[in-house]
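# Structure at a glance
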Amino acid sequence: MSEDARCLICKRQEHEPQKDVILSTDGFVVRHSRETNILGYLVIEARRHILDLTEATEDEAAGYGALLKQVMALIRKLTGAERIYTFSLGEAVPHFHVHVIPRTDSLPRYFRGRGIMSYPLEPALKEEQMAEVCKSLRYLLKTSPPGSTQVKP
Ligand SMILES: [Zn+2]
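Here is a short report on the structure shown in this document. (Residues numbered from 1 in each chain as written. Predicted model: local features only at pLDDT ≥ 70, side-chain atom pairs only at ≥ 80, totals over all residues.)

## Some remarks on the overall build of the protein chain
Counting its regular elements, the protein chain contains three helices and five strands. In the protein chain, the succession of α and β elements from N to C terminus is α-β-β-β-α-β-β-α. On C-alpha atoms alone, the protein chain measures out to a radius of gyration of 15 Å, which is about the 15 Å that the 2.2 N^0.38 rule sets for 153 residues. Dimensions of the protein chain, computed from the C-alpha atoms along their principal axes, are close to 40 × 35 × 30 Å. (Helix = DSSP H or I, 4+ residues; strand = E, 2+ residues; numbered from the N terminus. Rg over C-alpha atoms; globule rule 2.2 N^0.38 Å.)

Structure representation (structure tokens):
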């Protein structure tokens, strides 16, 4: 964990209830996003306060690749997304985190591709929706056939 108490991600990992956490590994935490109302929009956060993968250990970097694959498969299972967008910017919060966003058939064309950056942040998912989607994601993780996921509880 980080010594940087001002970092929002560090603070959240250390102090806030983890009810939106879907899974965690030695190096990363995966939670459902509280930005936007896109169901299945997950965020992979490094446990350590690092800017990006150049500061990751070899184990963290290798773990990240496997975890990203697992998270993308999970999102596809949940949403049937045709595309899954991934990006990390590190501008607002310089703590390595990756947005993993399902692009389903129902997303209007103007939000597709780079248009996803203009998707409105409000309204966010309601708490009941958040609880329900997190429950579904955890269920999918538990019931996934062996080999499709390597989950660390
Ligand atoms: Zn941090």
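Next comes the rest of the account.
## Quick look at the nonpolar core
Grouped together as the largest cluster of nonpolar side chains are 22 residues, with contacts concentrated most on Phe 28, Val 30, Leu 42, Ile 44, Val 71, Ile 75 and Val 100. Where this core is concerned, the elements lending two or more residues are β1 (21–24), β2 (28–32), β3 (42–46), α2 (58–79), β5 (97–103) and α3 (127–143). If sequence neighbours within four positions are ignored, Val 30 has contacts with Val 21, Ile 22, Leu 23, Ser 24, Leu 42, Ile 44 and Val 71. (Core = buried A, V, L, I, M, F, W, Y, C linked by C-beta atoms within 7 Å. Buried ≥ 20, exposed ≤ 12 C-beta atoms within 10 Å, placed from the backbone. Contact = placed C-beta atoms within 7 Å.)

## Side note on the sheet that holds β5
The strand order across the open sheet formed by five strands is β1-β2-β3-β5-β4, and the pairing between neighbours is antiparallel. Each edge of the open sheet carries a strand with a single partner, namely β1 and β4 (83–87). The sheet shows a mean angle of 20° between the axes of neighbouring strands, direction not considered. Examined bridge by bridge, β2 and β3 share five bridges and lie antiparallel to one another. The residue bridging His 32 from the neighbouring strand is Leu 42, located in β3. (Pairing = 2+ DSSP bridges. Axes fitted to C-alpha atoms, helices over the stretch in contact; angles between N-to-C directions.)

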